[in-house]
Amino acid sequence: MTKDAYDGIKLLFKLITDVFFREIKVSGAHNVPKDEPCIFIVAPHANQFVDPGMVIISNPRRFSPLMAESSFKRKIIGAVARALRAIPVIRPQDLATKGKGQLLANKESPTTLNGKDTQFKTQVAPKDTIVLSKTLSFVVTEVVSDTELKLKTELTLEAMEYISHSTAYKIIPHIDQSVLYEKVHERLNQNESIVIFPEGGSHDRSEMLPLKAGFAIMALSAMAENKDLKIKIVPVGLNYFHPHRFRSRAVVSYGVPITVDPELVAAYMKGGPAKHDAISKVLEAGYEGLKSVTINAPNYDTLMIITTARRLYRPAAEHKLTIDQVVELNRRFLLGYRHFEKDPRLLDLSQRIKAYNNTLKYFGLKDYQVARTQYTAYSAAPILVSRIIKLVFLAIFGFPSLLINSPLIILSLVISQKKQEEALAGSSVKIAARDVLATWKILVALVGMPALYSFYSFLLFLYLYRHGYAHSFGFSLLVWAALPFIQYFCVLVLENSIDIYKSLKPLFMSLSNPDGAAELRRMRENLSDTITAFVDENGSTALRDFDKSKFDKMELHEKIESRRILNGLDIAPTVLTKWFDDKNLFNFNSNSSSNGSDDSESE
């Protein structure tokens, strides 16, 4: 892999992610060893195509990713994989075949699987897996005949019931991965690095899937083969606020490198139980490392509780936090939640938080909008009018862009939703298969955008040529090259239009239902007091390094708001000096745009 090829791929991913995400923050990159060979373990695997790109643009080291061999067959992904010198991984599930004949359960011998018109001798081999459904599979230990197999474990009652009602089954072959390990060893011996997603496939769960032992075996076997090799395992956490949404936010966190103990390498070389114990210990160390850089909630209800509690925790809420600080605080709140999970006080607090969130849904508001309902009718009316005027002004510029890109938007939605349905049907770990949405939106845009803009430029060329304009081809080519930049500018305009639109809801509530707004603010205030008191009182019990005064040195929200370009209807005196700052170019009002990381969670 040449440096130019890698840098080119990195630049491509940087452009893609800068367009798809509103903000990306990298933390802990200083933890990455500069010279030693590294195995980067990345989780959670929330986006098939985006996740590797996030690691590429954030990692100070060049590396070779491990990718499914089937991905090499795709034109775009395959080209990128070859440019990165990715190491192909043969996934057994990609080689699954449909079994012939009908299976018959043997109730007298649960470890025996019989068949009618089956061809076990030609279709099945020892160590292959018979798959009945997403959750029912059994490893073969012996092929007795074309109609009889011996299984490693007994057939369950559920499996027997399934066999009696269905004739469909698949056979997944056992794959010898020795070639894979040889290629990994070769790269590590050359002081290179590899990237692996130890969960296996992508998913959309709030909690990491159980890690596969591949990375642990790779590290131990490489060090057993080369006594002078010192491999570091670096955990990388991908924390998305909304992984499938366009213009969301993300944090890439690098954890403290894990050193593989030479004693574990020696135990691995002994084989038997000592080998399995060594692999388990490295696997556990990797899992703990990933937990330190991710928010690993057991379910989305728990995740909603801790994010709401974090937003309402007064010392943090009063200060401007960066999105990486938000992720870290969410992680620490989750640790505290797990520590007090069965505490009656926390159970009661959780119910109050759920009630508050349900009340927000009833009024159609987000938590960050509650404070913005405090305007009186006298003050809310002119602000509402001014924002509607700004919204119309921005929409005039943004709507043509939406119209021009509508074929691409429709196509990406149709294809991504179709792929979502296919992924959900073929997986037992996905909840809604949102992990494929961002991937296919980006892939469709990469192919469709140049094609669509070329079509528009061709139509312009035909129009200019027919009307006898000079330099019609050159002008059309210039328009084709300029369209992506113009459209990106329009995306930012539309983005801020949406932010202004969202800011209208609390103003409408201030005017239409002031009593309800006041009750909602009171509910939030009381809940914030209770959460703050509980955390300050019990934080040191759950976290040894708890410090309730750690936020005191951070800048307050009030100071941030006071420096906005426009505040209400008054133009700040420094508007001219800030106008061309890309961070402030579209911030028309302190309350019109998203209020940093908190809003990104609530959109």
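Residues numbered from 1 in each chain as written. Predicted model: local features only at pLDDT ≥ 70, side-chain atom pairs only at ≥ 80, totals over all residues. Heavy atoms only, no water.

Asker: I'd like a rundown of the packing of aromatic side chains, residues and numbers included.
Answerer: Counted by the stated rule, this structure contains 13 aromatic pairs. Seen from their ring centres, phenylalanine 20 and phenylalanine 246 are 5.8 Å apart, and the 70° between their planes marks the pair as edge-to-face. Pair noted here: phenylalanine 20 is in helix 1 (residues 3–20) and phenylalanine 246 is in the loop between strand 13 (232–240) and strand 14 (248–254), with a separation of 226 residues, a long-range link. According to the relative accessible area criterion, phenylalanine 246 is partly exposed, its value standing at 44%. (Phe/Tyr/Trp six-rings, centres within 6.5 Å; stacked < 30°, edge-to-face > 60°. Helix = DSSP H or I, 4+ residues; strand = E, 2+ residues; numbered from the N terminus. Buried < 20%, exposed > 50% of the residue type's maximum accessible area, 1.4 Å probe, protein only.)

Asker: How would you summarise the UniProt feature "transmembrane region" (unreviewed entry) in the chain if you had to cite specific residues and measurements?
Answerer: The positions UniProt marks with the feature "transmembrane region" (unreviewed entry) are residues 391–415, 436–465 and 477–494. The distance separating the terminal C-alpha atoms of residues 436–465 is 43 Å; by composition the span is 97% helix and 0% strand. In the segment residues 477–494, helix accounts for 100% and strand for 0%; the C-alpha atoms at its two ends are 26 Å apart. (UniProt positions renumbered as here; feature names shortened; annotations may be inferred.)

Asker: Now, about the nonpolar core: what can you tell me, with residues and values included?
Answerer: Core analysis: the biggest nonpolar cluster contains 41 residues, and Phe40, Met54, Leu238, Tyr240 and Tyr254 have the highest contact counts within it. Excluding anything up to four places from it in sequence, tyrosine 240 contacts Phe21, Ala46, Asn47, Val50, Asp51, Met54, Arg249 and Ala250. In terms of nonpolar packing, the next biggest core, distinct from the first, is built from 35 residues, Ala43, Met208, Ala219 and Val265 among them. (Core = buried A, V, L, I, M, F, W, Y, C linked by side-chain atoms within 4.5 Å. Contact = heavy atoms within 4.5 Å.)

Asker: So what's going on with the pairing of strand 2 (residues 38–43)? Residues and values would help.
Answerer: Here strand 2 lies mainly inside the structure; 6 of its 6 residues are buried. Residues Cys38, Phe40 and Val42 line one face of strand 2 and the alternating positions Ile39, Ile41 and Ala43 line the opposite face, and both faces are buried. As defined by bridge partners, strand 2 adjoins strand 13 across 6 bridges and the pair is classed as parallel. Within the sheet, the bridge partner assigned to isoleucine 39 lies in strand 13 and is isoleucine 233. (Pairing = 2+ DSSP bridges.)

Asker: Any chance you could break down helix 3 (residues 75–83) for me, citing the residues and the numbers?
Answerer: The set of residues buried in helix 3 consists of Ile77, Gly78, Val80 and Ala81. Considered in projection along helix 3, the buried side chains sweep an arc of 165° and stay on one side of the axis. Helix 3 presents Lys75 and Arg82 as exposed residues on the side facing more than 90 degrees away from its buried surface. Once helix 3 ends, the next one or two residues include arginine 85, with phi positive near 55°. (Arc of directions from axis to C-beta.)

Asker: An account of the packing of helix 15 (residues 377–404) against helix 16 (residues 406–425) is needed here, citing residue identities and associated values.
Answerer: Contact geometry for helix 15 and helix 16: axes closest at 4 Å, N-to-C directions at 55°. Overall, the two elements helix 15 and helix 16 adopt an arrangement that is oblique. From helix 15, Leu402, Leu403 and Ile404 reach across to helix 16, where they touch Ser406, Pro407 and Ile409. Looking at side-chain class alone, the contact of helix 15 with helix 16 contains 5 nonpolar, 1 polar and no charged residues. (Axes fitted to C-alpha atoms, helices over the stretch in contact; angles between N-to-C directions. Parallel < 35°, antiparallel > 145°, perpendicular 65-115°, else oblique. Nonpolar A, V, L, I, M, F, W, Y, C, P; charged D, E, K, R; others polar.)

Asker: Give a detailed account of the environment of glutamate 192, specifying residues and quantitative values.
Answerer: Note on placement: glutamate 192 falls in the loop between helix 6 (178–189) and strand 12 (194–196). On the basis of relative accessible area, glutamate 192 is assigned to the partly exposed category, the value being 23%. Sequence separation between glutamate 192 and valine 252 is 60 residues, and the spatial gap between their C-alpha atoms is 21 Å. The residues contacting glutamate 192, other than those within four sequence positions of it, are Pro37, Cys38, Ser64, Arg85 and Arg187. A polar contact is formed between the side chain of glutamate 192 and the side chain of arginine 85, at a distance of 3.5 Å. (Polar contact = N/O pair within 3.5 Å; in protein donor to acceptor, adjacent residues only side chain to side chain.)

Asker: A description of the packing of helix 18 (residues 472–512) against helix 19 (residues 514–542) should follow, citing residues and the corresponding values.
Answerer: At their nearest, the axes of helix 18 and helix 19 sit 5 Å apart, and the two run at 120° to each other. Taken as axis vectors, helix 18 and helix 19 run oblique relative to one another. Judged by residue contacts, Met509, Ser510, Leu511 and Ser512 of helix 18 engage Pro514, Gly516, Ala517 and Leu520 from helix 19. For the contact of helix 18 with helix 19, a count of residues per class yields 5 nonpolar, 3 polar and no charged.

Asker: Tell me what's going on with the sheet that holds strand 9 (residues 137–145), and back it up with residues and numbers.
Answerer: The strands that make up a sheet are held in pairs by hydrogen bonds between backbone atoms, and each pair lies either parallel or antiparallel. If you trace the 7 strands from one edge of the open sheet to the other, you get 5-11-8-9-10-7-6, paired in antiparallel fashion. Pairing within the sheet leaves two strands with one partner each, and these edge strands are strand 5 (97–98) and strand 6 (102–105). Pairing of strand 9 with strand 10 (residues 148–151), which is carried by 4 bridges, proceeds in the antiparallel orientation. Bridging across to strand 10, valine 143 finds its partner in leucine 149. With respect to the sheet, helix 5 (residues 157–165) is in contact with strand 6, strand 7 (112–116) and strand 9, its orientation differing from that of strand 6 by roughly 140°.

Asker: Just give me the short version of the pattern of salt bridges, but keep the residues and values in it.
Answerer: A full pass over the atoms with the stated rule returns 16 salt bridges. A salt bridge links arginine 91 to aspartate 94; the nearest nitrogen and oxygen atoms lie 3.0 Å apart. A residue is classified by how much of its surface remains accessible, and arginine 91, at 32% relative accessible area, is partly exposed. Note that arginine 314 is salt-bridged to glutamate 525, the shortest N-O span being 3.6 Å. Of this pair, arginine 314 sits in helix 11 (residues 314–317) while glutamate 525 is found in helix 19, placing the two residues 211 residues apart along the sequence. Judged by relative accessible area, which is 22%, arginine 314 ranks as partly exposed. (Salt bridge = Lys/Arg side-chain N within 4 Å of Asp/Glu carboxyl O.)

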